[in-house]
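Coordinate inspection notes
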Amino acid sequence: MFLNHFSLNDHPFMEHPPTSWLMRDPRFDEALAGLQFFEQQGAIGLILGQTGIGKSSLLRLFIHELPQNRYQPLYLHLTPINANAFLRLMVASLGEKPKIGKDRMLLQILDRINQNEKNTLLIIDEAHLIDPKTLTDLRIMISSIGERIPLKILLCGQEDLRHILKRSSHADLLHRITLRLFLRPCTKEQTGQYIDNRISKAGGSAKIFEPEAKFLIHDYAAGVPRQINNIATACLLAATSQNIHKINDAMVNNTMAQFQLP
């Protein structure tokens, strides 16, 4: 494999790297500033972005930086289930045995949240796949809270979620959203920094990818981090097979000639 060839300690472009590997670029700095406001003042937040853009990485950084003495994060991503199943999942994640009946489970969730000494932060990833009835349940939960708000809800998903929330049946939920973030692709400069950061974290040299190669990877990947990972990995494999220790623009073009983006 390319690890020995490039003297790397680990796979630099793995799908789920350690939190310490995640790069705080201007996109994330701006988003985290908004999330800090949400943590202090908001009730419902919304993060949108195309697949592979870095939404889950942003959530990991946000959870990592949350005041642990004030918040209990509840991360749920198994969204393609019916509304009742989602409530059962919530109850189980709160450490309770789900009761029978939606009304009982809603009351169970609210009672458990109100008993908690910390604020509950419900983070729903892949929210664009959520059952519309679940969104109604979330609106009921958030509107059932009194003056003190021990529950915050953060919805994170692809751009389809925007259109779902615009339906008239979700107007009340939409109007309660106090933070709306749209995560954009990396710029060319950010892509180069991203590649260098990942190589460095894996114990390698930033000189493995020449500047022109990094810019070309950006163009092929359209600045989407997951595609940057895929293309950079394919280049490392191709270079290893050819016993080449530096990746230039020609190597990227040759690799892409045999590499089909999904």
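The sections below set out a description of the structure shown in this document. (Residues numbered from 1 in each chain as written. Predicted model: local features only at pLDDT ≥ 70, side-chain atom pairs only at ≥ 80, totals over all residues. Heavy atoms only, no water.)

Here we look at the packing of helix 4 (residues 83-93) against helix 5 (residues 102-115)
The N-to-C vectors of helix 4 and helix 5 enclose an angle of 30°; their axes lie 10 Å apart at closest approach. By the angle between their axes, helix 4 is roughly parallel relative to helix 5. The handedness of the crossing between helix 4 and helix 5 comes out as left-handed. Only Lys102, Met105, Leu106, Gln108 and Ile109 of helix 5 make contact with helix 4, whose side of the interface consists of Ala83, Asn84, Leu87, Arg88, Met90 and Val91. In the contact of helix 4 with helix 5, the residues fall into seven nonpolar, two polar and two charged. (Axes fitted to C-alpha atoms, helices over the stretch in contact; angles between N-to-C directions. Helix = DSSP H or I, 4+ residues; strand = E, 2+ residues; numbered from the N terminus. Parallel < 35°, antiparallel > 145°, perpendicular 65-115°, else oblique. Left-handed = near helix turned anticlockwise from the far one by under 90°. Contact = heavy atoms within 4.5 Å. Nonpolar A, V, L, I, M, F, W, Y, C, P; charged D, E, K, R; others polar.)

Considerations on the pattern of salt bridges
Enumeration according to the criterion identifies 11 salt bridges in this entry. Between arginine 27 and aspartate 25 there is a salt bridge, and its shortest N-O distance comes to 3.1 Å. Residue arginine 27 is classed as buried on the basis of its relative accessible area of 11%. The exposure class assigned to aspartate 25 is buried, which follows from its relative accessible area of 3%. Here glutamate 39 makes a salt bridge to arginine 70, at a shortest N to O gap of 3.2 Å. Of this pair, glutamate 39 sits in helix 2 (residues 26-41) while arginine 70 sits in the loop between helix 3 (55-65) and strand 2 (71-76), and the two are 31 residues apart along the sequence. For arginine 70, a relative accessible area of 37% corresponds to the partly exposed category. Each of Arg24, Asp29 and Glu65 takes part in a single network of salt bridges with overlapping partners. (Salt bridge = Lys/Arg side-chain N within 4 Å of Asp/Glu carboxyl O. Buried < 20%, exposed > 50% of the residue type's maximum accessible area, 1.4 Å probe, protein only.)

Points about the nonpolar core
Membership of the largest hydrophobic core comes to 33 residues, with the highest contact counts inside it found for Leu122, Leu138, Met141 and Leu155. If you look at the next biggest cluster of nonpolar residues, it comprises 29 residues, including Phe6, Leu8, Leu216 and Ala239. (Core = buried A, V, L, I, M, F, W, Y, C linked by side-chain atoms within 4.5 Å.)

Overview of helix 11 (residues 225-241)
Between its first and last C-alpha, helix 11 extends 24 Å over 17 residues, near the 24 Å set by a 1.5 Å rise per residue. For helix 11, the full list of buried residues reads Pro225, Gln227, Ile228, Asn229, Ile231, Ala232, Thr233, Ala234, Cys235, Leu236, Ala238 and Ala239. As for helix 11, its buried residues are in contact with helix 1 (2-5), helix 2, helix 9 (188-201), helix 10 (211-221) and helix 12 (249-256). Phi turns positive one or two residues past the end of helix 11, at asparagine 243, with a value near 55°. (Expected span 1.5 Å × (residues − 1).)

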